[in-house]
Amino acid sequence: MDMFNRFNKYKDDFNKYRGEFESMRNRGQRLIGRGSRTTTRKERKNPFAGLAKQDYKSIVEECQKNGCLFEDPEFLAVDESVFYSKTGRKFKWMRASEIVDNPKWVSDGASRFDVKQGELGDCWLLAAVASLTCNQVLFEKVVDTSQNFEDNYCGVFRFNFWHEGEWKEVVVDDRLPTYYDQLVFMHSADKKEFWSALLEKAYAKLMGSYEALKGGSTSEAMCDFTGGVTEMFDLQKAPPNLLRIMLKAHERGSLMGCSIDADPNTVEARLTNGLVMGHAYSITNVCLADIKTPKFEGQIPMVRVRNPWGNEAEWKGAWSDGSREWSLLSQDEKDELGLTFSDDGEFWMSFQDWSTHFQKLEICNLGPDSLEEEDVCNKKKWECYKESSEWVKGHSAGGCRNFLDSFATNPQFRMTLTDPDDDDDDDMCTALVAVLQKDRRKKRKEGLDLMTIGYVIYKVEDESSGPLDVRYFKYNASVAKSPTFINMREVCGRHKLPPGTYAIIPSTFEPHFEGKFLIRIFTEKPNVSGELDQQTSLIEDDGRGPGRAPPAEPTEAERAQADALRETFRRVAGEDMEIDAYELREILNAVFTRHFKFDGFGIDTCRSMVAMHDGDLSGKLGYEEFKELWDDLRKWKGVFLKFDKDHSGNLSSYEMRDAMTEVGFKVSNACRMSLVKRYANRDNQIEFGDFILCVIRLKTMLKTYRSFDPDRRGCAQFSPDEFIQSTMYS
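Just so it is clear, the model here is predicted, and its values are computed rather than measured. (Residues numbered from 1 in each chain as written. Predicted model: local features only at pLDDT ≥ 70, side-chain atom pairs only at ≥ 80, totals over all residues. Heavy atoms only, no water.)

Peer 1: Residue-level account of the pairing of strand β6 (residues 166-173), with values.
Peer 2: Residues in a regular strand point their side chains to alternate faces of the sheet. In this structure, strand β5 (residues 156-163) lies alongside β6, joined through eight bridges in antiparallel fashion. If you follow Phe157 over to β6, its bridge partner there is Val172. Hairpin connection between β5 and β6: a loop of two residues separates the two successive antiparallel strands, and Glu164 in this loop has a positive phi of roughly 55°. (Pairing = 2+ DSSP bridges. Helix = DSSP H or I, 4+ residues; strand = E, 2+ residues; numbered from the N terminus.)

Now the structure itself:
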């Protein structure tokens, strides 16, 4: 019994000391560097949180100055950086030197065989990474192989990603999520090699978390690794020249991926032929293999495919590893193809079998952002135009052509094609149009997902015209459109068009969906592109303006009303025959509140009315000035009623541009957005009183601007007093 009691006491002491040890370890007392460096995880100020900008050079200097390793304050080593939507097992974040002895950045060169998928559902990313390793120039640009764990190691590594229009440096520390001291997510076949694991971490940081990488398209990562434009092909509806397209793409170093549609009932279901449904593969070679036998001599198109799992899950049909078809090739031909038979996830297929069994193809065409000039050599490169814009609810989120009344308010872009392609017998021009919605993957944690987007292309006859309006879209058909409206980050289409000027209208499928986007236009020959816009101005021609109806002749009732107003004016004005803003309000509200359900014109609106016609700055209007104002109000009232189609007493903000044109203004996109924000209510409706105030102030400001720019040079000069007087008084 004494022995049993002593045993229990020793066990209790052991558990007590083990608990103290675990507590100490959890507080952070552990070795982190190469033998001599230690740090604690107790709460302390991160010296890197104060850096104005996260750039590699500044971080290295800070580490060397403080004798510490980098701890990224913008992507913390916490579980929330992995999964934001659930709680589960706790990850242990370890530096590479804690996971293995003598870690390597790149071991014996980067290879498509290095990349192994972990527990995260981001095979789309791995397929793109495997393709990236096949282009050494692009790989160096993204990964920078000069980094290592030896020379001036500070625990920081950098990557370069093309992010929404520009190349961006992303820095991370080398702390990686592990479980039982093993990497959980992407890793290299060589356990000492860490470029792939840290590449995934940097990409996760760019997108907000590791979980944000679950599910996606290979084209998305291909774009971010290259700055190229990715085309999608449905192999069941493939163009007849698809093989030629793929051969040219491979010769130009384009990245390619393919997949089979997923089984809705099974995640990554394996087929009997060895292929996996709902799984992203990378294409690492496309070629014409020479076959020579006693009875036949010729070429067979071949495609080399890689499964990012990097295991035995390979194609089992003709031309699979060790199949009898390989006996048809000479040893020299096999050596030239780099043929090996092993369970490495890579396999060959005939082009015929490949196009039969796979369903989707993605080709990332490299553009000017992809390679430096010295890397292009004699290869042809695309000409590129790019522009950032956004869909704003109530202003420019008009939805697709199905919603005709608001479709014209979407951002519009001009594309002028002048020279046909060199090898086109029909004198046609090739144009790749791509629309990319920004930051949607990063906003998943906010409940936002990808919007359904697309674009439509129209022929433009008058290159000097501004944005196309509702009437144009009502009576003109499109000449091309995106392959589909789809909820992908980027939608892209290839088009053959005759030389000319075109308008491209990107949109969400339904109106009122907000988001920023990037449009890119790739052409084989130089193109002239830009946003379809117009300069804010008064329309001046014969008094009508393009597309505007002539002022309506007053009706008998309106003539009678005008006579009554004259008498009212004389009564209110008194002996000086002038009225101020308060007297004007009395006159106008007596009339307009009978026709519109609103509270009447406020004193501020009436002051602006006075300012518009107060040439001598007296603060009052004489009868002739009042009569001119009354004619304006009568015309503007008619425009308002014309566009108030539902007789609600409000105008939709989407109708603002056409209403302004009818009144007599050209309004730029930026100015129109400002007007909507300033004068629309919470429901993006413009009430009658606010519409009148908007028109008055815009007309006053444009007339003032013109008076200070009499020679129409497009540049008016104001002194501070003149500027304040003209803006504050109106």
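On we go.
Peer 1: Go over the side chain of Thr508, please, and point to the residues and values.
Peer 2: If you trace the backbone, Thr508 turns up in strand β22 (residues 500-508). In this structure Thr508 comes out as buried when scored by relative accessible area, which is 1%. (Buried < 20%, exposed > 50% of the residue type's maximum accessible area, 1.4 Å probe, protein only.)

Peer 1: Lay out the nonpolar core with the relevant residues and their values.
Peer 2: Membership of the largest hydrophobic core comes to 54 residues, with the highest contact counts inside it found for Leu125, Phe159, Phe161, Leu198, Tyr203, Tyr210 and Phe225. Residue assignment for this core shows that the elements contributing at least two residues are α4 (123-132), α5 (136-143), β5, β6, α6 (195-207) and α7 (218-226). In terms of residue count, the dominant contributor to this core is α6 (nine residues). Leaving out residues up to four positions away in the same chain, Phe159 has contacts with Trp105, Val142, Val143, Lys168, Glu169, Val170, Val172, Trp195, Leu198, Leu199 and Ala202. Counting 50 residues, the second-largest nonpolar core is a separate cluster that includes Ala581, Phe592, Met660 and Val663. (Core = buried A, V, L, I, M, F, W, Y, C linked by side-chain atoms within 4.5 Å. Contact = heavy atoms within 4.5 Å.)

Peer 1: Any chance you could break down the sheet that holds strand β18 (residues 429-437) for me, citing the residues and the numbers?
Peer 2: With antiparallel pairing, the four strands of this open sheet are ordered in space as β16-β23-β18-β21. The strands lining the two open edges of the sheet, one partner per strand, are β16 (383-391) and β21 (490-497). Going across the sheet, the axis of each strand differs from the next one's by a mean of 15°, ignoring polarity. Pairing between β18 and strand β23 (residues 515-523): seven bridges, direction antiparallel. Its bridge partner lying in β23, Gln437 is registered against Phe517. (Axes fitted to C-alpha atoms, helices over the stretch in contact; angles between N-to-C directions.)

Peer 1: How would you explain helix α16 (residues 603-613) if you had to name every residue and give the values?
Peer 2: Within α16, nine of the 11 residues are buried, leaving the element largely enclosed by the surrounding structure. For α16, the full list of buried residues reads Ile603, Thr605, Cys606, Ser608, Met609, Val610, Ala611, Met612 and His613.

Peer 1: Outline the sheet that holds strand β3 (residues 92-95), listing residues and values.
Peer 2: Pairing within the open sheet is antiparallel, and its three strands lie in the order β3-β7-β8. Looking at the sheet topology across the chains shown, the edges are occupied by β3 and β8 (182-183). Looking at chain direction, strand β7 (residues 175-179) and β8 are connected through two bridges and run antiparallel. Among the inter-strand pairings, Thr178 is bridged to a residue of β8, identified as Leu183. Contacts from α6 reach β3, β7 and β8 within the one sheet, and its direction differs from that of β7 by about 105°.

Peer 1: Tell me what's going on with the pairing of β7, and back it up with residues and numbers.
Peer 2: Here β7 lies mainly inside the structure; four of its five residues are buried. Sheet analysis places β3 next to β7, joined by four bridges and oriented antiparallel. Counted as the bridge partner of Arg95 is Arg175 from β7. Linkage of β7 to β8, two consecutive antiparallel strands, is achieved through a turn of two residues, within which Tyr180 is found at a positive phi near 50°.

Peer 1: Quick rundown of the packing of α16 against helix α17 (residues 623-643)? Include the residues and the values.
Peer 2: Contact geometry for α16 and α17: axes closest at 10 Å, N-to-C directions at 120°. As summarised for this structure, α16 and α17 are arranged oblique, according to the angle between their axes. For the pair α16 and α17, the sense of crossing is right-handed. Across the interface between the two elements, Met609, Met612 and His613 of α16 pack against Glu625, Glu628, Leu629, Asp632, Leu633 and Trp636 of α17. (Parallel < 35°, antiparallel > 145°, perpendicular 65-115°, else oblique. Left-handed = near helix turned anticlockwise from the far one by under 90°.)

Any functional reading would require information beyond the geometric quantities listed.
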